[in-house]
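Structural overview for review
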Amino acid sequence: MGSKRLWKKTGLKKSYDAVMIGGGIHGLAAAYFLARDHGITNVAVIERRYIGFGGSGRNTAIVRANQRTQGNVRLYDEGLKLWATLIRELDFNMMFYNCGNLNTLHSEAAMGAARLAVCTAQLSGVRSELLDRKQCKELIPALNIEDNITYPILGGMYHPPGGIVRHDAVAWALAKGASRYGVHIHQNTEVTNINVEKGKVTGIITNKGTLKSPRVLICAGGYGALLAQMAGIKLPIHPLTIQAMVTQPLKPILNHV
Ligand SMILES: Cc1cc2nc3c(=O)[nH]c(=O)nc-3n(C[C@H](O)[C@H](O)[C@H](O)COP(=O)(O)OP(=O)(O)OC[C@H]3O[C@@H](n4cnc5c(N)ncnc54)[C@H](O)[C@@H]3O)c2cc1C
């Protein structure tokens, strides 16, 4: 039995109305919403490796709205509300689970920062609470709240509407949705240069050929500054590494993330 492709395989056209460089959540979502909301469907997503290869397929999958600034709280709150709608609209189970987020806090400085974040969220009507260590333990009985450990827990920032969403499913779902509108998704295609004439972008050069396009969106995550440099733009962005631990599948012990 053959399986159905989520997105169509297409040849590289000579020109597109818009090109997204990078097949992560930003490139795919930009292509999807450009097609859905603005009717611009002659669009290509150009990905050097495979979709979800970058941060979008390697993150800790947490979605939340309790950000530090009021502008971001509102933006992320809108984003958080989108998941349930997108799952239906794209007909794809992205495994969104709004189990709530708990950030454990291990220093007075972290407690202070959390206090500020909680107030910022509450001001925008987003649920966020500061918990003491006993309340953290009530929420997650597996936590060790003793003092005699390396990093004792002083408290926690609890955000009930937050949750998790399956990261690679998000990339696949958006690719499926974009492809339905006619967006081309080109994997294993690397952008090697961006063409600019008289201060305006005119297209890109890839390892598979040159494309014309009056709109090029750089969605290359940590490679953003390198890509911008190809268009003669110096961006003050430097990628930093972060670490996340991946275990074998375990029986869940945490009911909140
Ligand atoms: C360990 C870790 C944990 C994280 N945890 C969370 C979390 O819990 N919650 C959260 O919201 N965020 C989290 N993030 C951040 C989140 O993953 C990123 O913000 C998001 O994935 C960025 O998406 P993007 O589409 O901008 O970039 P990416 O997903 O990185 O996609 C960029 C793509 O561009 C491609 N590319 C690069 N150069 C070229 C080129 N020359 N030509 C063609 N393609 C190119 C790359 O191959 C890549 O696929 C985490 C990140 C990391 C690394």
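What counts, and where the lines are drawn
- Residues numbered from 1 in each chain as written.
- Predicted model: local features only at pLDDT ≥ 70, side-chain atom pairs only at ≥ 80, totals over all residues.
- Heavy atoms only, no water.
- Domains from an automatic or database assignment.
- Buried area = accessible area lost by both parts, 1.4 Å probe.
- Salt bridge = Lys/Arg side-chain N within 4 Å of Asp/Glu carboxyl O.
- Polar contact = N/O pair within 3.5 Å; in protein donor to acceptor, adjacent residues only side chain to side chain.
- Nonpolar A, V, L, I, M, F, W, Y, C, P; charged D, E, K, R; others polar.
- Helix = DSSP H or I, 4+ residues; strand = E, 2+ residues; numbered from the N terminus.
- Buried < 20%, exposed > 50% of the residue type's maximum accessible area, 1.4 Å probe, protein only.
- Contact = heavy atoms within 4.5 Å.
- 1 Å grid on protein atoms, 1.4 Å probe; cavity = no way out; pocket = protein on both sides within 12 Å on 5 of 7 lines; lining within 4 Å.
- Points joined across faces, edges and corners; volume = space filled by probe spheres on them.
- Near = heavy atom within 4 Å.
- Pairing = 2+ DSSP bridges.
- Axes fitted to C-alpha atoms, helices over the stretch in contact; angles between N-to-C directions.
- Phe/Tyr/Trp six-rings, centres within 6.5 Å; stacked < 30°, edge-to-face > 60°.
- Lys NZ or Arg CZ within 6 Å of the ring centre and 35° of its normal.

**Some words on the domain arrangement of the protein**
- Along its sequence, the protein is organised into domain 1 (1-58 + 183-257) and domain 2 (75-164).
- Between the C-alpha centres of domain 1 and domain 2 there is a distance of 30 Å.
- Note on domain 1 versus domain 2: buried area summed over both sides is about 980 Å², and carbon and sulfur give 64% of it.
- Joining domain 1 to domain 2, the criterion identifies one salt bridge.
- With a closest N to O distance of 2.7 Å, Arg-36 and Glu-89 form a salt bridge.
- On inspection of domain 1 and its partner domain 2, the count reaches two residue pairs in polar contact (both at pLDDT 80 or more).
- In terms of residue class, the side of domain 1 that touches domain 2 is made up of seven nonpolar, two polar and one charged.

**Structural notes on the environment of Ala-65**
- Its place among the elements puts Ala-65 in the loop between β3 (62-63) and α2 (70-90).
- Residue classification places Ala-65 among the buried residues on the basis of a relative accessible area of 0%.
- It is 9.8 Å that separates the C-alpha atoms of Ala-65 and Gly-163, two residues lying 98 residues apart in sequence.
- Residues in contact with Ala-65, not counting those within four places in the same chain, are Val-73, Tyr-76, Asp-77, Leu-80, Val-126 and His-159.

**Regarding the layout of surface pockets**
- Estimates place the volume of the second largest pocket at around 260 Å³.
- What lines the second largest pocket is Arg-64, Asn-66, Gln-67, Arg-68, Asn-103, Thr-104, Leu-105, Ala-110, Ala-113, Ala-114, Ala-117 and Met-157.
- Looking at the lining of the second largest pocket, the elements with two or more residues in it are β4 (101-105) and α3 (108-123).
- With four residues, the top contributor of residues to the lining of the second largest pocket is α3.

**Points about the site of the ligand**
- Taken together, 27 residues lie around the ligand, and His-26, Glu-47, Ser-56, Thr-60 and Ile-62 are the ones closest in.
- Here an oxygen atom of the ligand sits 2.6 Å away from a polar atom, N or O, in the side chain of Ser-56.
- One of the backbone nitrogen or oxygen atoms of Val-191 is found 3.0 Å away from a nitrogen atom of the ligand.
- Of the residues contributing to the shell around the ligand, the split by class is 13 nonpolar, 10 polar and four charged.

**Concerning the sheet that holds strand β5 (residues 129-132)**
- A sheet is described by the order of its strands in space; here three strands give the open sequence β4-β6-β5, paired in antiparallel fashion. Among the strands making up the open sheet, the edge pair consists of β4 and β5. Looking at each pair of strands side by side, their axes are set apart by 25° on average, direction ignored.
- In terms of strand pairing, β5 meets strand β6 (residues 155-159) through four bridges, oriented antiparallel. Bridging across to β6, Asp-132 finds its partner in Gly-155.

**Structural notes on unusual backbone geometry**
- Positioned with a positive phi, Met-95 is a non-glycine residue whose angle comes to about 55°.
- Here Met-95 lies in the loop between α2 and β4.
- Notably, Lys-198 is not glycine yet its phi reads approximately 45°, a positive angle.
- Among the structural elements, Lys-198 can be located in the loop between β9 (191-197) and β10 (200-206).

**Here's the deal with the packing of aromatic side chains**
- A full pass over the atoms with the stated rule returns three aromatic pairs.
- Ring centres of Tyr-32 and Phe-33 lie 5.1 Å apart, and the angle between their planes is 70°; this geometry places the pair in the edge-to-face category.
- Look at Tyr-50 and Phe-53: their rings are 5.3 Å apart centre to centre, the planes differ by 85°, and that puts the pair in the edge-to-face class.
- For Arg-48, the ring lying beneath its charged end belongs to Tyr-223, and the centroid distance is 4.4 Å.
- If you follow Arg-58 out to its NZ or CZ, it ends over the ring of Phe-53, 4.8 Å from the centre.

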